[in-house]
Amino acid sequence: ACGSSSSDKDTETKENTSGSEGEVTDFSIAMVTDQGGVDDKSFNQSAWEGLQEFGEENGLTKGNGIDFAQSNGQADFMPNITRLVRDEYDVILATGFLLKEDIQKAALQFPDSNFAIVDETVDAPNAASLGFAEHQGSFLVGVAAALKSETGKLGFVGGIDSPLIQKFEAGFTAGAKSVNPDILVDVQYAEHFSDAAKGKLIASNMYDNGIDVIYHAAGGTGNGVFNQAKDIKQNDPERQVWVIGVDRDQHEEGQIGEHNVTLTSMVKRVDVAVKEIANLGKNGEFPGGEKLEFGIEEDGIAVTTTNEEAMTEDIIKAVDEWQEKILNGEVEVPTNREELKAFEESL
Amino acid sequence: MFDILQSIVPTALFYSAPLIFTALGGVFSERSGVINIGLEGLMVMGAFVGIVFNLTFADVLGAWTPWVSIIVATAVGAIFSIVHAVASISFRSDQTISGVAINMLALGLGVYLTKLWYGKGQTDMVQQPFYTTDIPLLSEIPIIGPIFFQGVYVTSYLAIIVAFIAWYVLYKTSFGLRLRAVGEHPMAADTNGINVYKMRYIGVILSGALGGLGGSVFALTIVSNFSHSTIVGQGFMALAAVIFGKWHPLGAMGAALFFGLAQSLSVVGAGVPLLADVPQVYLLIAPYVLTILALAGFIGRAEAPKASGIPYIKGNR
Amino acid sequence: MANNKRLFTMLIPIISVLLGLSAGAIIMLVSGYNPITGYIALWNGAFGDAYTIGETIRRTTPYILTGLSIAFAFRSGLFNIGAEGQVIVGWLAAIWVGLAVDAPMIIHLPLAILASVTAGALWAFVPGILKAKLGVHEVIVTIMMNYIALFSANEIIRKVLTDGGTTTEPIAATASLASPWLQSITFYSRMHYGILIALFAAVIMWFIIERTTLGYELKAVGYNQHASKYAGMNVSKNIVLTMVIAGAFAGLAGAMEGLGTYGTISVMSGNINIGFDGIAVALLGANNPFGVVFAAFLFGALKEGAGEMPTGAGVPTELVDIIIALIIFFVASSYIIRWALLRFKKGEK
Amino acid sequence: MEYVIEMLNIRKEFPGIVANDDITIQLRKGEIHALLGENGAGKSTLMNVLFGLYQPEKGEIRVNGTKKNITSPNKANELGIGMVHQHFMLVEPFTVTQNIVLGKEPRKKTGAIDINKARKEIQELSDRYGLRVDPDAKISEISVGMQQRVEILKTLYRGAEVLIFDEPTAVLTPQEIKELVEILKSLTREGKSIILITHKLKEIMEVCDTCTIIRKGKGIGTVNVAETNPIELASLMVGREVNFKTEKKAAEPKENVLEIENLYVKDSRKIDLVKGLDLNIRSGEIVGIAGVDGNGQSELIEAITGLRKAKSGSIKLKNKNITNLSPRKITESGVGHIPEDRHRFGLVLDYSIGENIVLQTYYKKPYSKVKILNYKEIYNKAEQLIKEYDVRTPSVYTKARALSGGNQQKAIIGREVDRSPDLLIAAQPTRGLDVGAIEFIHKKLIEERDKGKAVLLVSFELDEILNVSDRIAVMFDGKIVAIVKPEETNEQELGMLMAGSKVSGIGEANGK
Ligand SMILES: Nc1ncnc2c1ncn2[C@@H]1O[C@H](COP(=O)(O)OP(=O)(O)OP(=O)(O)O)[C@@H](O)[C@H]1O
Ligand SMILES: Nc1ncnc2c1ncn2[C@@H]1O[C@H](COP(=O)(O)OP(=O)(O)OP(=O)(O)O)[C@@H](O)[C@H]1O
Ligand SMILES: [Mg+2]
Ligand SMILES: [Mg+2]
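Please read these numbers as outputs of a predicted model, since none were measured by experiment. Here the residue numbering is sequential within each chain, running from 1 through the sequence in written order. Lettering for chains starts from A, numbering for ligands starts from 1, and both go in the order in which the items are written. It should be noted that, the model being predicted, local features are given only for residues of pLDDT at least 70 and side-chain atom pairs only at 80 or more, the latter also being counted only at that level, while totals for whole chains, interfaces and linings use all residues. Note: side-chain values were computed over all heavy atoms of the structure, leaving out hydrogens and water.

(A) Summary view of the overall build of chain B. Each helix is a run of DSSP H or I of at least 4 residues and each strand a run of E of at least 2, with the numbering of both proceeding from the N terminus. Tallying secondary structure elements over chain B gives twelve helices and zero strands in all. For chain B, the succession of helices and strands along the chain, N to C, is α-α-α-α-α-α-α-α-α-α-α-α. In terms of overall size, chain B behaves like a compact globule, its C-alpha atoms giving a radius of gyration of 20 Å where 317 residues would be expected to give roughly 20 Å. Dimensions along the principal axes, computed over C-alpha positions, put chain B at roughly 65 × 50 × 40 Å. Residue pairs at least 24 apart in sequence account for 78% of intrachain contacts in chain B once pairs closer than 6 positions are excluded. Averaging the locations of the 14 positively and 12 negatively charged side chains of chain B gives two centres separated by 19 Å. Here the globule rule is a power law, 2.2 Å times the number of residues to the power 0.38, and the radius of gyration is based on C-alpha atoms. In what follows, residue pairs with any heavy atoms lying within 4.5 Å of each other are defined as contacts. Positive charges come from Lys and Arg, negative ones from Asp and Glu, while His and the chain ends are left out of the count. Taken as the charge centre is NZ of Lys, CZ of Arg, CG of Asp or CD of Glu, depending on the residue.

Here it is, written out as structure tokens:
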């Protein structure tokens with residue numbers, strides 16, 4: 001979730017700039033990571049993969065048409081953006097809501113460059129905002145969770161209480177209640193994206209209280225949730241405890257012996273969004289001043305089914321049905337607590 | 001009530017265990033007269049080594065991996081702390097400065113090596129972390145058993161046992177007497193034929209070992225991987241536990257348990273109907289406010305070992 | 001003799017920096033990087049052009065202030081690990097005033113700065129009064145206050161300064177330290193007038209410590225509380241005052257970030273580290289105000305330059321943390337450097 | 001081969017100073033050998049060399065005729081050399097037993113210290129040499145005298161044959177000194193040999209067999225105590241004639257300066273130590289308080305100076321009530337205080353001499369204006385005072401820490417007297433100082449009296465009390481139990497009064 005998800009600084013993937021092959025374009029695009037590197041197995045990584053794919057298709061390589069600048073903290077954002085402006089990239093892409101202010105400022109300062117930001121909205125004629133319909137994905141994993149739950153109690157662990165994470169919370173709750181209006185959803189925020197201990201404490205408390213599926217949107221704090229679920233599984237393989245991953249497929253994190261506690265993951269296809277904006281830019285159609293939302297329809301959001309054992313036919317079928325309802329507008333997924341309230345009342 | 005205890009106590013225990021180990025390390029170091037602000041760095045080093053070793057040798061060692069990992073982390077922590085020892089004992093550097101440098105060095109080194117070896121800023125999750133168990137026999141005691149001995153990490157009890165060992169060593173053995181003497185009045189110890197430098201080296205190295213142990217236990221029970229944000233302030237909480245516990249092993253243990261309990265309560269509290277309407281921020285800050293209140297209310301003044309912080313120079317008064 | 005001493009105080013930091021950089025070069029060599037490209041990247045990242053110089057100065061600014069905060073407390077024998085929390089509340093207060101007040105710059109800006117100073121001072125007052133009246137160790141209380149500051153600030157940003165959001169609106173221009181002129185000469189770096197405030201604060205600290213009766217009392221209390229009491233000084237008052245002034249410096253550092261660099265405040269996930277780094281800055285600067293300025297600049301340059309190392313040379317930025325840590329060790333172990341220098345000199349004769 | 005210890009032509013340098021320059025001292029078995037010299041002459045340094053704390057640049061040390069290299073205190077212990085340091089080497093939070101066995105602990109099989117065995121061994125030693133201690137008491141809870149006995153036991157426990165005492169009597173009360181003398185004698189009876197550093201010539205005459213004198217780092221020679229006298233010793237040591245009897249005119253006391261009525265003060269353990277004390281001092285007189293340590297003297301002074309709260313009663317200075325005012329208010333009302341513990345209270349050791357000179361006046365003109373210090377004035381004042389009071393220091397910028405105890409004391413006295421307070425309190429003002437410095441300080445106190453000031457002198461040295469005071473108030477159990485005139489009493493009588501026994505004819509007096 002959340003741009004500031006745990007985060008790691010990165011190492012350079014040591015690729016050398018070499019002559020490019022294939023069809024060459026003089027379009028160039030570079031990205032600034034939020035607090036994390038392009039190998040964070042999350043957000044930044046996904047964005048960089050999108051750029052690389054774009055590069056492959058267009059004969060661009062790192063340092064030669066595509067590039068990234070890594071930020072280790074808030075203090076690095078602006079220097080990185082400015083450096084890329086000075087290096088005359090056509091489009092400068094920022095991954096994560098943390099960069100909002102800086103991109104906003106840069107867009108006004110450098111009217112001749114184009115900017116794009118993932119996960120936030122900025123207001124400038126030369127900047128595009130790339131949003132995701134996280135609520136839609138969260139709705140679908142909510143459906144899966146409700147169907148999987150035997151106790152009728154679900155948990156949601158958020159990183160920092162913020163509009164973005166509330167979108168996950170609202171979507172998840174709405175999805176769960178759509179399946180089972182009586183289901184209970186316990187919502188807790190760790191107020192930290194990298195406090196695994198807190199995550200574990202919350203998860204432990206939730207599982208103790210009979211919750212059997214927890215959806216986390218908490219970055220590194222989620223590690224603690226996985227650990228607690230796996231610990232329970234280790235001691236009692238029969239017990240049904242599940243975690244729902246976020247941002248990317250967190251199947252690997254859930255593996256414990258022959259079991260896997262990751263029910264599913266709500267994947268944000270940042271790569272899809274990034275590739276799209278790159279292509280638009282290349283074709284001279286940069287959507288400056290616009291706000292693009294990548295939802296289920298645009299392939300921007302996906303629900304994984306890697307855990308075949310857990311995601312039974314029934315569940316997948318139900319998820320598909322609800323997905324259809326979202327696509328055809330039958331269901332309007334709430335994006336915040338107020339809308340959620342209205343949604344619940346309408347059930 | 002019983003249910004609440006049964007959920008609070010084991011969580012408090014797992015939260016506290018790494019702090020107990022590390023704080024005990026701090027007690028040894030400071031009792032020998034060397035301030036150790038570098039506990040955070042020692043934990044980082046322990047977490048790093050514990051995770052890397054675990055990842056590397058899980059295939060070979062199987063179920064023994066976490067145990068061997070924490071032993072290795074203990075050893076590496078001990079070796080790493082020699083840097084602090086050399087600087088602050090032999091080179092007479094300001095002990096606070098040296099400790100701050102330890103913190104920066106450990107984090108820098110840990111993340112640098114992670115990037116060098118794994119090509120990314122964080123490691124994968126280990127496949128062989130610690131798991132909770134029921135302690136044989138004890139867990140069958142009625143009432144007490146389920147609360148204290150079911151679904152707990154063995155490392156939590158190891159921490160408590162180590163605290164009692166530390167107390168025995170510091171207060172009952174001649175080694176402990178000498179170590180404390182060196183921290184109170186090094187010149188008196190020196191004129192009694194005790195090698196002040198040697199004792200202080202031992203004190204610091206013990207803190208490195210226990211800090212490394214604490215860090216690796218934290219990583220292998222709670223986080224499962226290593227990155228720059230694996231240890232974020234636990235070392236400083238351990239330092240607070242040292243002072244809170246008045247530089248006494250059992251006091252430090254008590255303080256660490258107090259922190260664990262407070263954290264656990266703040267999480268459990270969110271689910272208690274009575275507290276449901278209390279804004280979450282109050283529960284979040286409650287553990288820290290409680291600590292301050294406890295200190296102000298009834299723990300009060302605590303005296304550090306007299307000579308701590310002062311490099312010993314032979315012949316100087 | 002006296003000459004020697006002065007020479008050594010000058011030489012030791014320089015030797016330490018050189019030793020730290022050499023150690024960094026060795027580490028790069030061992031890990032298969034080219035140290036020369038590595039250091040060229042570091043240099044370019046810090047001083048490569050007007051822009052990076054501007055950013056280096058911007059980064060130095062809050063370091064100076066947190067360094068001063070911790071150094072000031074140390075001079076009175078107190079350890080302020082709480083600069084971190086004091087920065088947060090200072091930052092918050094500055095933004096609050098920046099957003100809430102409507103006034104011409106001549107009133108608005110000083111008011112916002114004053115708010116940050118007051119907030120930092122109040123935050124440090126708590127450990128100060130507990131230490132003075134109840135003897136509670138300031139280290140624990142300041143650590144706890146850091147967490148309280150973090151969580152409370154986040155809550156206030158969400159509930160008061162925004163409508164459930166994570167970042168506030170930018171402050172009014174009348175409360176901003178940002179300078180279009182400074183930005184234009186540094187290719188839109190975020191350098192702002194705060195550096196002048198920070199340097200001025202260093203002078204103030206020097207003046208308080210070295211020239212005023214207050215400084216005389218604070219140092220006396222730091223050295224020997226019994227003698228201070230005997231001399232008729234109010235030890236409790238001095239402890240509280242020291243913490244309050246230290247907190248004021250740290251709060252001001254928050255204003256630098258809030259009014260100068262960012263113009264906003266965002267919900268924070270964990271430490272912002274300006275306060276913790278301030279400990280190293282203070283110690284590196286030997287708790288002397290001008291030493292602190294020098295150390296902050298070194299710190300700022302290394303940290304700023306580090307950003308260029310991965311792109312410029314493929315070296316992980318953490319190398320710089322290692323180098324800084326080693327420099328601190330070398331400075332701290334000046335005794336051994338002194339000893340080596342003396343041997344070297346004797347050998348020459 | 002008759003010498004147990006020989007230190008031959010020892011030279012020891014410190015940066016910028018030669019502390020020992022070609023000094024020789026030879027100790028016979030079973031004798032008590034005095035080491036005499038002014039403050040800073042190099043006595044402690046020489047003994048630290050013998051004890052292995054310092055390595056000499058030149059010279060050799062022989063133990064029982066064989067040359068030895070004493071590289072550490074451990075080595076010295078092995079060679080049977082023990083030292084009782086001037087500043088006790090005791091770990092305060094530890095018990096007596098723990099301090100004695102530290103470093104050589106009897107152990108049980110479990111690795112734990114065998115405290116019972118240790119206690120037994122200590123009991124045996126203490127019985128044998130008459131060294132009464134409470135094995136289970138904490139050091140912080142026992143008297144200075146007992147602390148010293150612990151130090152002696154420490155050396156004996158380690159099998160010392162040669163014992164070095166560095167100014168053992170400086171901190172003791174007359175009673176305790178008497179006990180110590182007995183202990184020294186019993187040690188030599190048991191065949192131990194002793195080197196004794198002391199500034200008190202009377203003690204040398206009383207217990208020592210030989211005496212080696214050093215002056216400014218150089219050995220002056222060794223004399224047989226039986227063949228010399230105090231006057232000769234003093235002039236050998238100082239290099240000039242020394243006056244023993246302080247010259248003074250009769251006092252001319254005038255109005256009351258200090259009036260204390262029914263004062264009660266608690267100590268840090270919350271026990272009443274001053275219990276209904278009455279005392280008055282008039283201008284132009286020196287009142288000496290005689291008493292055994294621990295009878296409330298320190299608490300009395302701290303209450304007068306505002307460092308400790310009085311529980312009840314009143315303290316008036318020139319008719320103004322100063323009870324429980326802040327130390328600053330009291331100082332400003334005209335009280336000067338030469339504190340008992342100069343390192344703890346008297347000086348900020350890390351401040352320069354100059355900065356220490358203005359410790360109570362820094363906030364006043366001309367040393368500061370509108371809270372800004374004027375260092376020129378401060379150092380001018382300091383220059384003036386170090387000249388006037390003969391403070392030997394490289395400069396006024398030197399840290400107080402680097403000065404010898406005597407010179408530190410002179411700086412404090414200069415500072416306090418120069419403020420010209422109406423009441424000057426001098427607590428143990430000459431403790432640890434050489435005769436020259438003592439003479440100087442006594443002269444200054446009397447000068448103040450003659451200027452019409454009131455002086456309160458607290459001292460454990462009955463000599464000092466008898467020589468300097470115009471009236472002697474005997475303090476016992478928190479009260480003044482008698483007021484006597486120095487010319488109408490003697491040490492024996494004072495000793496009895498101090499021990500709490502009433503002497504006929506004097507009875508109880510309240511000083512009114
Ligand atoms: N560690 C040291 N470093 C530098 N100078 C020293 C040191 N120890 C002693 N001195 C100096 O050596 C000289 C001799 O000191 P020493 O302590 O031997 O004198 P002392 O005869 O014991 O004096 P006192 O009667 O005051 O105890 C003094 O000038 C003192 O300042
Ligand atoms: N590092 C040092 N540098 C300079 N002088 C020193 C140093 N260490 C000790 N001294 C001096 O050495 C002398 C010997 O110390 P000693 O223990 O004999 O104390 P002292 O002079 O008798 O004072 P006091 O009796 O008040 O403690 C003192 O004058 C002390 O100031
Ligand atoms: Mg001496
Ligand atoms: Mg002396």
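(B) Region of interest: the site of ligand 2. Near is defined per residue: the residue qualifies when any heavy atom it owns lies within 4 Å of the molecule or strand. Of all residues adjacent to ligand 2, which total eleven residues, the nearest are D:Gln86, D:His87, D:Arg342, D:Leu403 and D:Ser404. With respect to ligand 2, its neighbouring residues span chains B and D. Here an oxygen atom of ligand 2 sits 2.6 Å away from a polar atom, N or O, in the side chain of D:Arg342. Residues adjacent in sequence count toward polar contacts only when both atoms are side-chain atoms; beyond that, a polar contact is any pair of N or O atoms within 3.5 Å, and within protein one must be able to donate a hydrogen and the other to accept it. The separation between an oxygen atom of ligand 2 and a polar main-chain atom of D:Leu403 is 2.7 Å. Here the Shrake-Rupley method, with its probe set to 1.4 Å, supplies the accessible areas, and only the displayed protein chains count as covering residues. Coverage of ligand 2 by the protein chains reaches 67% of its 610 Å² of free accessible surface. Residue composition of the shell around ligand 2, grouped by class: two nonpolar, six polar and three charged. Per the annotation, domain bounds derive from an automatic or database assignment of domains. When we break the shell around ligand 2 down by domain, the ones giving at least three residues each are domain 1 (3-238) and domain 3 (341-420) of chain D. Charged residues are taken to be Asp, Glu, Lys and Arg, nonpolar residues to be Ala, Val, Leu, Ile, Met, Phe, Trp, Tyr, Cys and Pro, and polar residues to be all remaining types, Gly included.

(C) Representation of the state of the cysteines within the structure. Residues and elements named next belong to chain D. Note on terminology: disulfide denotes any pair of cysteine sulfur atoms within 2.5 Å. On inspection of all chains with the given rule, the structure shows zero disulfides over all chains. Unpaired in terms of disulfides, Cys-208 finds its nearest cysteine sulfur in Cys-211, a separation of 6.9 Å. Residue classification places Cys-211 among the buried positions, given a relative accessible area of 0%. Exposure classes here rest on a 1.4 Å probe applied to the protein chains alone. A residue is buried below 20% of its type maximum, exposed above 50%, and partly exposed in between.

(D) Fine view of the interface of chain A and chain B. Taken together, the 36 residues of chain A in the interface contact 35 residues of chain B. Across the interface of chain A and chain B, roughly 3,100 Å² is buried in total on both sides, 51% from carbon and sulfur atoms. Whenever Lys or Arg places a side-chain nitrogen within 4 Å of a carboxyl oxygen from Asp or Glu, that contact is recorded as a salt bridge. Viewed at the interface, chain B and chain A are joined by zero salt bridges. Where chain A meets chain B, there are ten residue pairs in polar contact (both at pLDDT 80 or more). Mapped by element, the contributors of at least two residues to the side of chain A that touches chain B are strand E8 (184-189), helix H6 (196-208), helix H7 (221-235) and strand E11 (255-256) of chain A. Counting residues per element, the side of chain A that touches chain B draws most heavily on H6(A), which supplies nine residues. For the side of chain A that touches chain B, the per-class residue count stands at eight nonpolar, 14 polar and 14 charged. In this description, buried area is defined as the sum, over both parts, of the accessible area (probe of 1.4 Å) that is lost when the two are combined.

(E) Structural view of the coordination of the magnesium ion (ligand 4). Ligation of the magnesium ion (ligand 4) by protein atoms is provided by D:Gln86 (NE2) and D:Glu167 (OE), these donors lying 2.6 to 2.7 Å from the ion. The exposure class assigned to D:Gln86 is partly exposed, which follows from its relative accessible area of 28%. Only N, O and S atoms count as donors, using a 2.8 Å limit from the metal and a wider 3.2 Å limit for Na, K and Ca, and since water is excluded some coordination spheres may look unfilled.

(F) Structural context of the sheet that holds strand E2 (residues 61-62) of chain A. Residue and element names in this part refer to chain A. At least two bridges found by DSSP between two strands are what make those strands a pair. As summarised here, the arrangement of the seven strands in space is E2-E3-E1-E4-E5-E6-E14, forming an open sheet in which the pairing is parallel. In the strand order of this sheet, the two ends are held by E2 and strand E14 (291-294), each with one partner. Both E2 and strand E3 (residues 65-71) contribute to a ladder of two bridges, which runs parallel. By the bridge assignment, Lys-62 is partnered in E3 with Ile-66. For every element, the axis is a line fit to its C-alpha atoms; helices are fit only across the contacting stretch, and the angle between N-to-C directions ranges from 0 to 180 degrees. With respect to the sheet, helix H3 (residues 100-109) is in contact with strand E4 (91-95), strand E5 (114-118) and strand E6 (127-132), its orientation differing from that of E5 by roughly 165°.

(G) Broad picture of the side chain of B:His84. With respect to the helices and strands, B:His84 occurs in helix H3 (residues 65-90). Every residue in contact with B:His84, bar those within four places of it in the chain, is listed here: B:Val34, B:Ile35, B:Asn36, B:Ile89, B:Gln95, B:Ser98, B:Gly99, B:Ile102 and B:Val204.

(H) Expanded view of helix H1 (residues 2-31) of chain B. All names here are of chain B. At Ser-16, H1 shows its largest kink, close to 35°, and the proline Pro-18 lies no more than four residues downstream. H1 sits mainly inside the fold: 25 of its 30 residues count as buried. Just beyond H1, the residue with positive phi is Gly-33, at close to 100°. Bend at a residue means the angle formed by two fitted axes: the first through the 7 residues ending at that position, the second through the 7 residues beginning there.

(I) Summary view of the sheet that holds strand E7 (residues 153-158) of chain A. All names here are of chain A. An order of E8-E7-E9-E10-E13-E15 is seen for the six strands of this open sheet, with the pairing classed as mixed. At either end of the open sheet lies a strand with only one pairing partner, and these are E8 and strand E15 (301-303). Mean inter-strand twist for the sheet, computed between neighbouring axes without regard to direction, equals 15°. With five bridges connecting them, strand E10 (residues 242-247) and strand E13 (residues 262-268) associate as parallel partners. Each bridged residue has a counterpart across the sheet, and for Asp-247 the counterpart in E13 is Val-267.

(J) Spotlight on the site of ligand 1. All names here are of chain D. The environment of ligand 1 is made up of 15 residues, and the closest members are Gly-40, Gly-42, Lys-43, Ser-44 and Thr-45. Here an oxygen atom of ligand 1 and a side-chain polar atom of Thr-45 are 2.5 Å apart. Here an oxygen atom of ligand 1 sits 3.0 Å away from a polar atom, N or O, in the side chain of His-199. Relative to its unbound accessible surface of 630 Å², ligand 1 loses 72% to contact with the protein.

(K) Representation of the pairing of E13(A) in the model. Residue and element names in this part refer to chain A. Buried residues dominate E13, accounting for seven of its seven residues. Where E13 meets E15, three bridges bridge the pair, whose relative direction is antiparallel. Looking at the pairing, Met-266 lines up with Val-303 of E15.

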